[in-house]
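# A closer look at the structure
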Amino acid sequence: MKRLGEQSGHLYLKKMGELSLVSRLTESISLDLDIKQACQYTLNILLDELNIGNASIMFLDEQKGEFVHKTARGREDQQASFYDDDHAFRGVSLKEGEGIAGTVFRERQPLLITDAEADGRFHKDDKQTVQIGSLVCLPLIIRGKAMGVLNLSHPRKGAVSQDDVPGLTVVANQIAMLLDNALNYRKLQEINVDLEAKVRERTKHLEAANRELQEARSRLVRSETLRALGQMASGVAHDFNNILATITGNTQLLLAQVDDPQLRPRLQAIETAAMDGAATIRRIQEFSRLKKTREIGPVDVNQLVRDVVLITSPLWKDQQQKNGKMVEVLTRLDEVQSIAGNAAELREVLTNMLLNALDALPRGGKITFTTWGDESSVCLAVVDNGVGMAPEVRERVFEPFFTTKGPANSGLGLSVAYGIIRRHEGELTVESVPGEGTTFLIRLPRSSGSVRPAAATPRMGPVRRTRILVIDDDPAVRGVLATMLAKAGHEVVKAGGGREGLELFQTTTFELVFTDLGMPEMSGLEVAATVKEQSPTTAVVMITGWGMELDEKRLREKGVDLLLGKPFDLVTVQNSVAAVLKPEERVEGT
C-alpha cells in the first residue's frame, strides 16, 4: 500500500512537471515570435524541462516532397540552431511515408523506438555525430493537418518509455499551435508591411487615416493572439482535467483503504495539489474567457503554510539533499483569524515565495514562515538567509517579465503573486540586503465574518445496486470511475469508445450510462442520443474535461440528464448516480 502511495506521488510530480512545461509554452503565445524564434524558443524549453539528449523539428517541403530539419538542439548546445533551406542537414532526404519521420507524418500517430540501433526504420547518416539510443517522434498537427514532426531522443536505450508518450503528445499539440501562430503572425506582418507601403505612397497627407490603420492592425494582432490562446487553453484544460481526474480518483480510493499515519498525510497532500492543479486549469480558462468563476471563502492561513511546506517537501528537502545542499524550512505560526479568499490562489503565492527563496540559497540555508495578526490584518512573512537582492533588483522585482535568472525563467511568478494579493485587497512588500537575505511580507485583511464556508456537497441517500455502463476512451479515467462506482456497490461494465459501448448496450440492460463527451469516431452526444432513442428510461450522465460552459438546452435535447466535470471525487460520483435515478429507485433512510 505504501508503494501505491509512492507511485501516486511520482505520478503527481511527473504530471505537474508536464503542466509546468505546457504552462511555459502557453506563456510564449503572447510573445511576438517569428517561426525561427518560435522553433528555437520551443527546443530550449524542451531541453530545459525534459530528460532528453537532443530535440529537433522537421517540416515538409511541399514543393520537393521531402522532410528537412528546420531547427535542432542537443543537451550540450547553448542555443537551438535554425537552418535555412540551403543550410539544411545534408545527406538526409526523407519522403512522406519513408523512415520514422515520414511514417509518423503520414499516419499522424506518435512512434516510440526504445532501441534505435536494432530498429531498421531508423535512418543514420554517415556524417551523423549525435548519439541516439532511444527516441520518440511525434506529429505536429493543426486543424487536422500535419505540418511536421517533433523528434526527441536520448543517448541511452530505453530512456524514453511508453508512459512518456501521452504527456509528450499533449506537448506536441501545444507546440503545433505555437508554430502555427508564429507562421500566421509572420504572414500578417508581411501583409501589414505591404499595406503600409501602399498607404504611405498614396495617402501621405492623411495622417489621421494612417493612425486609424495602425490601431486596426493592433486590434487584429491582439485578436489573433487571443484566438490562438483560447484554442491552447481549451486543449490544455481537457487533457489535464483527464490527468487530474486519474490522480484525484486513485488518491481518494487509496485514502479509503490506508490507515498508516505517515502515509495518509502524503496522500492528502497529493489530493490537495491535484485539486490546486484543477484550480490552475480554471484560471487558464478564465484568462481565455472560457469560464468566469472564482470561489471565495474563509481561509486558514496557518493551514495554507502547512500544506505548502508538505506539498513542496520533495523540492526543498529531497531534491536539495540529492544535490548536496541542506535546506531547512521552519514555521512559526501564531494563532490568527481566518481571511476571506481563494485557497488555491494563495497556495500558489506561498509556493512561489518558497521556490524563490530556494533559488536564493545556492549553498543551502534556512527559510522561515511566520504568521501573526493585528487589529485589521493577518500577516505572513517568508524569510530566507540567502544571497539577497541589490536595491535596483528589489525595486523591479514585481514587474512582469523582469528576471535575473536567465531565459529559463519567464519573470512572471512574482508579478502574478503580486496580482493575486492585490485581488485579495492585501499588500505584498519586500525587504532585502545583499548577502543577508530577503523578507517578503504579506498583509491580508481579516475576515469580516460575512463570508461563510462553501456549503459541503451533501451525500444523497444510498441507492440500490445498479448496472452501469461506463464509456471513456481514456483507460485511466475509465478505470478510476468504474472503481468508484463498484466501490459504491454497483455492477459496472466498461467500454473504450462510443461504438463499443452501444454494442454492449444493445445486448445488456443498463439503468445508467456514464459517457465521455470528446471521443474519436463517435462523440458522447451521439452516444446519449442513441441510448435515449433505444431506451428512453435509461439515465445518461455526461463526463467532460472541457469545463462546464456547455449549452444545457442542447444537452437535454441530446438526452443528457446530468453533466459531471473532471476531475471528480467519490461523493460527486455517488451523488450523480442518486440524482439521475427515479425517486422510487432510491433506498431512502438506509
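## Remarks on the overall build of the chain
In terms of helices and strands, the chain carries 16 helices and 19 strands. Each of the 590 residues in the chain was classed as buried or not, and the buried ones make up 47%. Long-range contacts, defined as pairs at least 24 residues apart, comprise 68% of the intrachain contacts of the chain with a sequence gap of at least 6. As displayed, the chain has an accessible area near 30,300 Å², and 49% of this comes from carbon and sulfur atoms.

## Structural notes on the pattern of salt bridges
In the structure shown here, the tally under the stated rule is 10 salt bridges. One salt bridge connects Arg 106 with Glu 107, and the closest N-O pair in it is separated by 3.2 Å. When the shortest N-O distance is used, the salt bridge between Arg 443 and Asp 374 registers 2.6 Å. One end of the pair, Arg 443, is in strand β14 (residues 437-445); the other, Asp 374, is in the loop between β11 (365-373) and β12 (377-384), with 69 residues separating them in the sequence. Overall, the relative accessible area of 27% leaves Arg 443 in the partly exposed class. Relative accessible area serves as the criterion here: at 30%, Asp 374 is assigned to the partly exposed category. Each of Asp 115, Glu 117 and Lys 157 takes part in salt bridges that share partners, so that together they form one network.

## Here's the deal with the environment of Ser 415
For Ser 415, the position within the fold is in helix α11 (residues 413-423). On a C-alpha basis, the gap between Ser 415 and Val 397 in space is 7.8 Å, while along the polypeptide they are 18 residues apart.

## Considerations on the confidence of the model for the chain
Mean pLDDT over the chain works out to 77, with 73% of the residues at or above the 70 mark. Throughout residues 2-7 the model reports pLDDT below 50, and contacts reaching past four residues in sequence, or to other chains, amount to 6 contacts. Across residues 287-293 the pLDDT falls below 50, and counting only partners more than four positions away or on other chains, this stretch makes 15 contacts in the model.

## What about the environment of Val 308?
Note on placement: Val 308 falls in helix α7 (residues 301-311). A relative accessible area of 1% means that Val 308 is categorised as buried. Setting aside residues no more than four positions away along its own chain, Val 308 makes contact with Arg 347, Leu 350, Thr 351 and Leu 354.

What counts and what doesn't
Residues numbered from 1 in each chain as written. Predicted model: local features only at pLDDT ≥ 70, side-chain atom pairs only at ≥ 80, totals over all residues. Heavy atoms only, no water. Helix = DSSP H or I, 4+ residues; strand = E, 2+ residues; numbered from the N terminus. Buried < 20%, exposed > 50% of the residue type's maximum accessible area, 1.4 Å probe, protein only. Contact = heavy atoms within 4.5 Å. Areas by Shrake-Rupley, 256 points an atom, 1.4 Å probe, with all protein chains shown as cover. Salt bridge = Lys/Arg side-chain N within 4 Å of Asp/Glu carboxyl O. pLDDT = per-residue confidence, 0-100.

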